[in-house]
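# Chains, contacts and geometry: an overview
As a plain string of letters, each chain reads:
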Amino acid sequence: MAEFLEHDPFFAVEGDAFVPRPVCRGPWDPNSLHGRVVAGLLGAEAEHRHAEPRLRVARMTVDLWRLPGFDPITVTTNVRREGSRIRVVDAEAFAAGQSIGRASVVFLRETAQPEGQVWSPPPWDFPLPDALPPEPLPPVANEGWRPMWESRSQGRAFGAYAQKRLWMREVRPLVAGRPLTPFQRVALACDFTSPLANSGTIGLAYINVDITLYLHRYPAGEWIGFETTDHGAADGIAMGQCRLYDEQGPIGSSVVAALAQRRRA
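Residues numbered from 1 in each chain as written. Predicted model: local features only at pLDDT ≥ 70, side-chain atom pairs only at ≥ 80, totals over all residues. Heavy atoms only, no water.

### A closer look at the overall build of the protein
Regarding its fold elements, the protein presents three helices and 15 strands. Principal axes of the C-alpha set define a box for the protein whose edges measure 55 × 45 × 40 Å. Among the 265 residues that make up the protein, the fraction classed as buried is 51%. Taking contacts inside the protein between residues at least 6 apart in sequence as the whole, the part at least 24 apart equals 65%. If you sum the accessible surface of the protein, you get close to 13000 Å²; carbon and sulfur atoms cover 52% of it. The centroid of the 28 positive side-chain charges in the protein is displaced by 2 Å from the centroid of its 30 negative side-chain charges. (Helix = DSSP H or I, 4+ residues; strand = E, 2+ residues; numbered from the N terminus. Buried < 20%, exposed > 50% of the residue type's maximum accessible area, 1.4 Å probe, protein only. Contact = heavy atoms within 4.5 Å. Areas by Shrake-Rupley, 256 points an atom, 1.4 Å probe, with all protein chains shown as cover. Lys, Arg positive; Asp, Glu negative; His and termini not counted. Charge placed at Lys NZ, Arg CZ, Asp CG, Glu CD.)

### Points about the pattern of salt bridges
The final tally for this structure, using the stated rule, is 19 salt bridges. One salt bridge in this structure joins R21 and D8, with 3.7 Å as the shortest N-O distance. With R21 in the loop between β2 (17–20) and α1 (35–50) and D8 in the segment before β1 (11–14), this pair connects stretches of sequence that are 13 residues apart. The salt bridge involving E227 is made with R165; its shortest N-O contact spans 2.9 Å. Within this pair, whereas E227 is found in strand β13 (residues 223–234), its partner R165 is found in strand β8 (residues 165–170), the two being separated by 62 residues in sequence. (Salt bridge = Lys/Arg side-chain N within 4 Å of Asp/Glu carboxyl O.)

### So, the environment of P250
Examined against the element boundaries, P250 turns out to sit in strand β15 (residues 249–260). You can call P250 partly exposed: its relative accessible area is 28%.

### Quick look at a nonpolar patch on the surface
On the surface, a nonpolar cluster with roughly 240 Å² of combined accessible area is contributed by V209, I237 and L259. Structurally, the position occupied by V209 is in the loop between β11 (206–208) and β12 (210–215). By relative accessible area, which is 33% here, V209 ends up partly exposed. (Patch = residues over 30% accessible without salt bridge, like charges linked within 9 Å, V, L, I, M, F, W, Y side chains within 5 Å.)

### Overview of the side chain of H50
Its location among the elements puts H50 in helix α1. A polar atom in the side chain of H50 sits 2.8 Å from the side chain of T77. (Polar contact = N/O pair within 3.5 Å; in protein donor to acceptor, adjacent residues only side chain to side chain.)

### Notes on the environment of R81
In this fold, R81 is placed in strand β4 (residues 73–82). Between the C-alpha atom of R81 and that of V106, which follows or precedes it by 25 residues, the distance is 9.2 Å. Discounting residues that sit within four places of it in the chain, R81 has contacts with I86, R87 and V88.

### Observations concerning the pairing of β8
The element β8 is largely enclosed, with a buried count of five among its six residues. With four bridges connecting them, strand β7 (residues 149–152) and β8 associate as antiparallel partners. In the sheet register, R152 faces β8, and the bridge partner there is W167. Pairing between β8 and β13: five bridges, direction antiparallel. Its bridge partner lying in β13, W167 is registered against G225. (Pairing = 2+ DSSP bridges.)

### Things to note about the packing of α1 against helix α2 (residues 182–189)
Two elements in contact, α1 and α2, have axes separated by 7 Å at closest approach and are oriented at 155°. Considering the angle they form, α1 stands roughly antiparallel to α2. The interaxial crossing formed by α1 with α2 has right-handed handedness. Contacts between α1 and α2 involve R36, V37, A39, G40, G43, A44 and E47 from the first element and F183, Q184, A187, L188 and A189 from the second. Here the residues of the contact of α1 with α2 sort into seven nonpolar, three polar and two charged. (Axes fitted to C-alpha atoms, helices over the stretch in contact; angles between N-to-C directions. Parallel < 35°, antiparallel > 145°, perpendicular 65-115°, else oblique. Left-handed = near helix turned anticlockwise from the far one by under 90°. Nonpolar A, V, L, I, M, F, W, Y, C, P; charged D, E, K, R; others polar.)

### Some details on the pairing of strand β6 (residues 98–109)
Relative to β6, strand β3 (residues 55–64) is paired through nine bridges, and the arrangement is antiparallel. Along β6, the bridge assignment pairs L55 with R109. Sheet analysis places strand β5 (residues 86–95) next to β6, joined by 10 bridges and oriented antiparallel. For D90, the partnering residue across the bridge sits in β6 and is S104.

Here you go:
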């Protein structure tokens, strides 16, 4: 696999296709893409084609049903529901003549906030990213695969047998020539819910088959905070959940379903 530069985009554009760059490589198979780039591309195309001012993504559910190789990807979208305050968009990604994943994206129109008070969890007490050191790198896997993001934590969060907290920041564009939007930052990052919530004393032994992201607001700034809030597993089937933050406070949550998995040599 060719080397990549530090800030290379995940995808180049050739006509209607998105061509994966070497940095898209995932941790499970050296010849397949990371699920985060597929999820991020589906969300980005739904936003790019169907968003408008004051109509923003409140939920994105992604099904990841195939580990794709490095073939060019095309994305189709269509509006499934159009109303005065809601728009529901389906997106599907194809590579090498096969569907590799799909997304259902719910856009809601901003409106006046109701009066009154509703209970919510207390403010996050985790230090801001500027006060934390870089997250130590995980063990080398698949010919030197390394994380394609920057993260900061109090010690190594990944694989710890404890509730985990960290900050993550994207360091490259998703698509060449397109700056990352606030939604695209979190659409890329939310796949990390699985390795954070579902890793433990032997590292990560589950591969997620989906992601559901809920947002009550878009992140302000580059850093996305993760706090694991749930994990459960039985008979090789797991679920994991994280609450999501920016430096101003909570922005939403994400949840995944996962299967026991071994890495391929």
